[in-house]
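# A closer look at the structure
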Amino acid sequence: MDSQKEITIYDIAKKVKLSASTVSRALQDHPAINKKTKKKIFDVAEQMGYRSNLFARNLRQQRTMTIGVMVQELNSAFMTSLLSGVEKVANEAGYGVVIIDSLDDVEKEAANARNLFNRRIDGVITWLSSGAKNLDHFNVFVDKSIPVVLIDSLHQQSGITSVGIDNRACGHMAAKHLIEQGCRRIAHITSNLKTPVNALRYKGFRDALAENKIAFNERMVVVAPVTEEDSIEAAKKIMQMKPLPDGVFINNDFTAAVCIRTFLENKVKVPQDIAVVGFNNDPIGTFIRPSLTTINYPGKEMGAAAARTLINQLNGVGTIEQASNLTLRTELVVRQSSVKKR
């Protein structure tokens, strides 16, 4: 069967008995065309099955109206929140979003960057893989004045903006709260101390202990990947410490929730025996009992800020050369898991 002929603005112009240029401007919502004429043209275009050729129009404007977003993983509540912030702002500005997962692999990240460049995306928002040593694979964007925005990264390079939080201050905030609750033997569970943001949280945690003259033993640091099995093992390592820690700062809410469950299953009371503070403010923290005290990691706000920054640069509101770092506000969300003093 032959496919139907694609409807053009000339077909619509013939139908409404107006010029093709008038039809074209009306379909682009040009202010020179009155509302009554626009409605007539839109109605006829819809009846005839007209499809606007956005691809051709965007090529003429040297834009694809597409933003590339590259993340480490797609299976976390925080990342879902971040992506929703990006998409809301991008969609409101008329941009589509292409999402790519690097699987926390540097080589895949570099390949993804080349893929996005070849797709002629207008800008990139990226969460770097934990093994990224530099930003070399984004140089092709910088050279072409294509804006790049990093999410919560310590890497700095001219022409690249970073949007994130003060991770060191967050680690300090978590430890200070546990100390204020009377904890003196405070352990720390992290997924990877080689990751710069995790290392900063750990430094802030150690800062708070030092300020309060609380000794710390490196053996009270447990490194555990973010899986249920590894989180259970981390909790068991905490329970095997002698003497038993009376507080623990855990670098993500999923591991914190699994640890609380494991503590309770082994007759270790939370917060009476061990006070627990997590990180991220994921929904799981409100579902478990006792509910989880955590550091709010503003994923949606971070994604929205990154998208706004990128689109502002695309629209000439602040140049790429003026790119700088943006630090978002964070806060401690106090719930039941850490409150020893009432």
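My aim in this report is to walk through the structure given alongside it, one point at a time. These numbers come from a predicted model, not from an experiment.

We now examine the packing of helix H1 (residues 9-16) against helix H3 (residues 35-48). Between two packed helices, both the angle of their axes relative to each other and the distance between the axes serve to describe the pair. One can describe the packing of H1 onto H3 by two numbers: an axis separation of 10 Å at closest approach and a directional angle of 120°. Of the possible angle classes, the one that applies to H1 and H3 is oblique. Crossing angle aside, the handedness with which H1 passes H3 is right-handed. For the pair H1 and H3, the contacting residues are Asp11, Ile12, Lys15 and Val16 in the first and Lys40, Ile41, Val44, Ala45 and Met48 in the second. Grouping the constituent residues of the contact of H1 with H3 by class yields six nonpolar, no polar and three charged.

For the rest of this paragraph, the subject is the side chain of His137. With respect to the helices, strands and loops of the structure, His137 is situated in the loop between strand S3 (123-126) and helix H7 (139-143). A polar side-chain atom of His137 sits 2.7 Å from a polar atom in the side chain of Glu109.

Moving on, we get to the sheet that holds strand S7 (residues 221-223). Judged by pairing direction, the sheet is mixed, and its six strands sit side by side in the order S7-S6-S8-S9-S10-S12 without closing on themselves. Each edge of the open sheet is held by one strand with a lone partner, namely S7 and strand S12 (331-333). Between one strand axis and the next, the sheet turns by 20° as a mean value, whatever way the strands run. When strand S8 (residues 247-250) meets strand S9 (residues 275-280), the two strands line up parallel, connected through three bridges. Note on S9: the bridge partner recorded for Val248 is Val276. Relative to S9, helix H8 (residues 167-180) is tilted by about 160°, and along the sheet it contacts strand S6 (186-190), S8, S9, strand S10 (293-296) and S12. Of the strands in this sheet, S6, S7, S8 and S9 are in contact with helix H9 (residues 196-211), which crosses S6 at around 175°.

Side chains of Glu73, Asp104, Asp105 and Glu107 sit close together on the surface and give a patch of like negative charge. Here Glu73 shows up in the loop between strand S1 (66-71) and helix H5 (77-92). Under the relative-accessibility criterion, Glu73 is labelled partly exposed at 35%.

For the rest of this paragraph, the subject is the environment of Ile67. Inspection of the secondary structure puts Ile67 in strand S1. Ile67 sits in the buried class, given a relative accessible area of 0%. Along the sequence, Ile67 and Arg201 sit 134 residues apart, while their C-alpha atoms lie 30 Å from each other. Other than its neighbours up to four places away in sequence, Ile67 contacts Ala90, Tyr95, Gly96, Val97, Val98, Gly123, Ile125, Leu310 and Ile311.

For the rest of this paragraph, the subject is the pattern of salt bridges. This model, assessed by the stated rule, comprises eight salt bridges. The salt bridge involving Glu228 is made with Arg261; its shortest N-O contact spans 2.9 Å. Taken as a pair, Glu228 in helix H10 (residues 228-239) and Arg261 in helix H11 (residues 253-265) lie far apart in primary sequence, 33 residues in all. Judged by its relative accessible area of 35%, Glu228 is partly exposed. Overall, the relative accessible area of 36% leaves Arg261 in the partly exposed class. A salt bridge links Glu233 to Lys236; the nearest nitrogen and oxygen atoms lie 3.8 Å apart. Of the two residues, Glu233 and Lys236 both sit in helix H10, three residues apart, roughly one turn of that helix. When salt bridges with common partners are traced through the structure, they connect Glu228, Arg261 and Glu265 into a single cluster.

On the surface, Lys15, Lys17, Lys36 and Lys40 cluster together to form a positively charged patch. Tracing the sequence through the fold places Lys15 in helix H1.

Thresholds, definitions, all that
The written sequence of each chain sets the order in which its residues are numbered from 1. Two thresholds apply to this predicted model, a pLDDT of at least 70 for residue-level local features and 80 or more for giving and counting side-chain atom pairs, whereas whole-chain, interface and lining totals are computed over all residues. Neither water nor hydrogens contribute to the side-chain values; these are computed over all heavy atoms in the structure. Here an axis means a line fitted to C-alpha atoms, over the contact stretch when the element is a helix, while the angle between two N-to-C directions is reported on a 0 to 180 degree scale. Going along the chain from the N terminus, every DSSP run of H or I of four or more residues is numbered as a helix, and every run of E of two or more is numbered as a strand. Angles are sorted into four bins: roughly parallel if under 35 degrees, roughly antiparallel if over 145, roughly perpendicular if 65 to 115, and oblique for all others. For a crossing to be left-handed, the near helix must be turned anticlockwise from the far one by less than a right angle; the clockwise case is right-handed. In what follows, residue pairs with any heavy atoms lying within 4.5 Å of each other are defined as contacts. All amino acids are sorted into three groups, where Ala, Val, Leu, Ile, Met, Phe, Trp, Tyr, Cys and Pro are nonpolar, Asp, Glu, Lys and Arg are charged, and the leftover types, Gly among them, are polar. Within 3.5 Å is the distance limit for a polar contact, defined as a pair of N or O atoms, with the added protein rule that one can donate a hydrogen and the other accept it, and that residues adjacent in sequence qualify only through two side-chain atoms. Here, a strand pair is defined by DSSP locating no fewer than two bridges between the strands. Residues enter patches when they are more than 30% accessible in relative terms and free of salt bridges; like-charged ones are connected within 9 Å and nonpolar ones (Val, Leu, Ile, Met, Phe, Trp, Tyr) within 5 Å. For the area figures, the Shrake-Rupley method with a 1.4 Å probe applies, and any residue is considered shielded solely by the protein chains shown. Here, a salt bridge means any Lys or Arg side-chain nitrogen found within 4 Å of an Asp or Glu carboxyl oxygen. Counted as positive: Lys and Arg. Counted as negative: Asp and Glu. His and the chain ends are not counted at all. To locate a charge, the coordinates of NZ of Lys, CZ of Arg, CG of Asp or CD of Glu are taken. Only protein chains enter the accessibility calculation, which uses a 1.4 Å probe; a residue whose area is less than 20% of its type maximum is buried, one above 50% is exposed, and one in between is partly exposed.

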